[in-house]
Amino acid sequence: MAKDTVRYPDDVVEEIDALVDDGMFESKSEFYRFSAEYVLTLINDDHDVKTFNFDEIKGELDISDRDHAEALGADGGTFFLDAVINVRKHGLRGNYEAAERFIDTHYDETDQECIILEELLGTYRDEPS
């Protein structure tokens, strides 16, 4: 098993220490292993979990798929859905400059999401009054 050193802010370490002290995790190492594997399972459906007792720990933490979806939001936790809603709201109201300002301050002009948002805004500009 590989060993890796990672630095965390003091307040994060204190929170983890409290979870270990409360018995939620056997050790800090168990917390870190579980956390890393859990995140990997969220972003990669094909991730093969290696952590011992992963499912048991997940069950004890009572993390349901619904809890996870609610925590991330409907779009999987990305900012993009919120951006679409924001641009649409401005577009419907004819506030094109506000929508442009939003896009410009949150995205690089070459980002794929930026291009999609600009196209979306364009559909509102092109609509007959």
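Just so you know, these numbers come straight off a predicted model, no measurement behind them.

(A) Quick look at the confidence of the model for the protein. Summarising the model, the protein shows a mean pLDDT of 85, and 87% of its residues fall at 70 or more. Averaged pLDDT values over the elements of the protein bottom out at 63 in helix H4 (residues 65-72) and peak at 94 in helix H1 (residues 10-21).

(B) A look at the packing of aromatic side chains. Within the structure shown, the criterion is met by 6 aromatic pairs. Between Phe25 and Phe31, the aromatic rings sit 5.0 Å apart at their centres with planes inclined by 85°, giving edge-to-face as the arrangement. The burial state of Phe25 is the same as that of Phe31; both residues are buried. Pairwise contacts between aromatic rings join Tyr8, Phe25, Phe31, Tyr32, Phe34, Tyr38 and Phe54 into one cluster.

(C) Just helix H6 (residues 96-106), in detail. If you check which residues of H6 are buried, you get Ala98, Ala99, Phe102 and Ile103. For H6, the angular spread of buried residues about the axis comes to 135°, placing them on one side. Facing away from the buried surface of H6 by more than 90 degrees, the exposed residues are Glu97, Arg101, Asp104 and Thr105. Buried positions along H6 lie against helix H5 (80-92) and helix H7 (112-126).

(D) The pattern of salt bridges, seen in detail. Tallied over the full model, the rule gives 3 salt bridges. Where Asp48 meets Lys50, a salt bridge forms, and the shortest distance between an N and an O atom there is 2.7 Å. As far as the burial class goes, Asp48 and Lys50 line up, both exposed.

(E) Up close: the nonpolar core. Within the largest apolar cluster, 9 residues are counted, these being Ala83, Val87, Ala99, Phe102, Ile103, Tyr107, Cys114, Leu117 and Leu121. Counting residues per element, the ones that place at least two in this core are H5, H6 and H7. Contacts of Tyr107, omitting those with residues within four sequence positions, involve Phe79, Phe80, Ala83, Glu113, Cys114 and Leu117. Listed in part, the 8 residues of the second largest apolar core include Phe25, Phe31, Phe54 and Ile57.

What counts and how
Residues numbered from 1 in each chain as written. Predicted model: local features only at pLDDT ≥ 70, side-chain atom pairs only at ≥ 80, totals over all residues. Heavy atoms only, no water. pLDDT = per-residue confidence, 0-100. Helix = DSSP H or I, 4+ residues; strand = E, 2+ residues; numbered from the N terminus. Phe/Tyr/Trp six-rings, centres within 6.5 Å; stacked < 30°, edge-to-face > 60°. Buried < 20%, exposed > 50% of the residue type's maximum accessible area, 1.4 Å probe, protein only. Arc of directions from axis to C-beta. Contact = heavy atoms within 4.5 Å. Salt bridge = Lys/Arg side-chain N within 4 Å of Asp/Glu carboxyl O. Core = buried A, V, L, I, M, F, W, Y, C linked by side-chain atoms within 4.5 Å.

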